[in-house]
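# Structural characterization, general
Listed below, chain by chain, are the residues.
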Amino acid sequence: MTATPEHALPIRLNVDDSDSPSDVVDALFLGRFAAGEQPFSHSSTIDRVKPGATLLPPGARVLRAARDDDRSATLAEGDGWTLLVSRWNRGADITVTAVSSELAEHVHRQATDGVQDEPEPQPENVTMGFWYVSPRRGPHRTTRQISAGTWDEVRPNYTAPVAKAMDRLMKVTPDDIAGRLLLLHGPPGTGKTSALRTLARSWRDWCQVDCVLDPERLFNDVGYLMDIAIGEDEGTAKERWRLLLLEDCDELIRGEARHAAGQALSRLLNLTDGLLGQGRNVLVGVTTNEDLERLHPAVVRPGRCLARIEVGPLTRDEAVSWLGTEEEVGREGATLAELYALRRGTVPASVPSQHDGADAGLYL
């Protein structure tokens with residue numbers, strides 16, 4: 001007769017007030033696997049679970065159920081198998097242990113078949129991944145559908161030299177890739193992030209775009225870096241490229257980064273054209289507010305960058321054309337963020353009023 005999960009634990013479990021009921025459920029789940037009664041396991045993560053899905057196969061007997069503020073855990077069993085469901089927000093981790101590999105996969109399939117919530121595809125949406133280190137689950141990737149305009153729609157948001165450079169970038173195909181680093185630099189509010197969203201839409205047929213939410217940790221944690229750079233999602237076509245986006249990485253790539261960031265800069269460079277990046281279809285996109293002169297020379301050396309674009313404000317004529325009026329546009333032009341603020345009627349403090357009698361431009 002199979003022992004209950006609590007009796008199958010081969011070690012004594014000490015619990016104190018820092019442990020939650022969900023932690024106890026997690027520990028009980030390991031009992032039969034650790035004792036060798038169910039030596040096979042199968043697991044997966046689902047980012048968006050359909051509302052109402054229980055993630056329990058037919059005939060499952062629930063042994064424990066716990067709910068904390070940020071997650072819930074359910075322990076269930078059947079003949080020859082045990083299942084743990086950990087849920088958070090719309091996502092879930094599902095793990096099955098069983099007396100055979102085939103049974104573990106079969107029960108896992110019964111629990112997860114058809115539960116992935118697939119939103120109705122919209123032409124203006126693009127799937128983007130988001131990487132971060134979870135305190136509970138380590139390096140983790142989740143996906144979201146984000147809206148992104150076509151390049152023709154957003155092209156007027158950029159000054160002429162930037163738009164011309166972006167024209168070439170939006171049309172890049174895998175056959176055109178000559179460098180692995182994409183660098184967008186310039187003042188805040190000029191539309192660097194908006195350009196990357198549009199780039200994700202333009203490249204979606206051949207490139208998966210992932211945004212790293214904690215880039216400062218990525219290049220200081222070798223395990224995290226290997227999970228992202230080397231690991232592939234199950235079923236991902238080998239010829240499909242990935243673009244890792246690192247936003248506002250000023251400290252990582254400025255001139256003194258070698259001293260300040262230690263090995264982080266070296267690992268970034270190694271990912272773009274060193275041993276770490278060999279044989280992997282990985283591009284790295286970096287945005288920064290730094291001037292080009294302040295960036296580390298190793299980052300901007302010839303041959304490393306697929307594109308290196310300085311995204312600046314629109315000229316006065318371009319800003320007037322974008323806004324449809326010249327009344328509140330200074331002679332220095334305006335950034336995209338300032339133009340949107342003017343259109344909404346929330347005039348930034350840096351934009352002079354026509355009643356001020358000042359002609360000092362946007363930045364005072």
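Structure's up top.
This text gives an overview of the structure that appears in the document. Once a new chain begins, its residue numbering starts again from 1 and follows that chain's sequence as written. Side-chain atom pairs in this predicted model are given and counted only at pLDDT of 80 or more, local residue features only at pLDDT of at least 70, and totals for whole chains, interfaces and linings cover all residues. To get the side-chain values, all heavy atoms of the structure are used, and hydrogens and water are removed first.

### Here we look at the packing of aromatic side chains
- By convention, a stacked pair of Phe, Tyr or Trp rings (six-membered ring in the case of Trp) has centres within 6.5 Å and planes under 30 degrees apart, an edge-to-face pair has planes over 60 apart, and any other such pair is tilted. Applying the stated criterion across every chain, the model contains three aromatic pairs.
- Both rings, one in W203 and one in W206, keep their centres 4.8 Å apart while their planes meet at 40°; by these two values the pair is tilted.
- When accessible area is computed with a 1.4 Å probe and restricted to protein chains, residues below 20% of their type maximum are described as buried, those above 50% as exposed, and intermediate ones as partly exposed. Under the relative-accessibility criterion, W203 is labelled buried at 1%.
- For W206, a relative accessible area of 12% corresponds to the buried category.
- On the numbers, 5.0 Å between centres and 80° between planes, the contact of W322 with Y340 is edge-to-face. Separated by 18 residues along the polypeptide, W322 in helix α13 (residues 316-323) and Y340 in helix α14 (residues 336-344) bring together distant segments of the chain.
- The class for W322 is buried, based on a relative accessible area of 12%.
- On the basis of relative accessible area, Y340 is assigned to the partly exposed category, the value being 33%.
- Lysine and arginine charges are scored as sitting over a ring when NZ or CZ, respectively, is within 6 Å of the ring centre and within 35 degrees of the ring normal. Above the ring of W322, the side-chain terminus of R343 is found at 4.0 Å from the ring centroid. Only DSSP runs of H or I covering at least 4 residues are called helices, and only runs of E covering at least 2 are called strands; the numbering of each starts at the N terminus.

### What about the nonpolar core?
- For this analysis, a nonpolar core means a set of buried residues of the types Ala, Val, Leu, Ile, Met, Phe, Trp, Tyr and Cys, connected via side-chain atoms within 4.5 Å. By size, the foremost hydrophobic cluster in this structure holds 35 residues, and its most contacted members are M128, M166, L169, L199, W203, L243 and I309.
- Pairs of residues are marked as contacts when any of their non-hydrogen atoms sit within 4.5 Å. The contact partners of L199, leaving out residues within four places of it in the chain, are L169, M170, L182 and L243.
- W131, L181, L183 and C305 belong to the second largest nonpolar core, which has 25 residues in total.

### Quick look at the pairing of strand β8 (residues 181-185)
- Counted residue by residue, β8 has five buried out of five residues, so it is predominantly covered.
- Of the two faces of β8, both are covered, the one formed by L181, L183 and H185 as well as the one formed by L182 and L184.
- Here, strands pair whenever DSSP counts at least two bridges between them. Here β8 pairs with strand β11 (residues 282-288) via five bridges, running parallel. Residue pairing in the sheet places L181 in a bridge with V284 of β11.
- Relative to strand β12 (residues 305-310), β8 runs parallel, the two sharing five bridges. By the bridge assignment for β12, L183 is matched with R308.

### With respect to the packing of α13 against α14
- One way to put it is that α13 packs onto α14 with a least axis distance of 11 Å and a crossing angle of 35°. Viewed along their axes, α13 and α14 form a crossing whose handedness is right-handed. Contacts from A319, W322 and L323 in α13 reach L336, L339, Y340, L342 and R343 in α14.
- Under the scheme applied here, ten amino acids are nonpolar (Ala, Val, Leu, Ile, Met, Phe, Trp, Tyr, Cys and Pro), four are charged (Asp, Glu, Lys and Arg), and all others, including Gly, are polar. For the contact of α13 with α14, the class distribution of residues is seven nonpolar, no polar and one charged. Comment: axis = line fitted to C-alpha atoms, over the contacting stretch for helices; angle = value between 0 and 180 degrees taken between N-to-C directions. Left-handed is the label given to a crossing in which the near helix is rotated counterclockwise from the far helix by less than a right angle, and right-handed is the label when the rotation is clockwise.

### Examining the sheet that holds β12
- Taken together, seven strands build an open sheet; the order of strands is β7-β6-β9-β10-β11-β8-β12 and the sheet is mixed. Either end of the sheet is taken by a strand with one partner, and the two such strands are β7 (138-147) and β12. Pairs of neighbouring strands in the sheet enclose a mean axial angle of 20°, with direction left out of account.
- Contacts between helix α6 (residues 192-202) and the sheet are confined to β6 (125-134), β7, β8, β9 (207-212), β10 (241-246) and β11, with β8 contributing the most and set at about 145° to the helix.
- On the sheet, helix α8 (residues 222-229) packs against β6, β7, β9, β10 and β11 and is oriented at approximately 155° with respect to β6.

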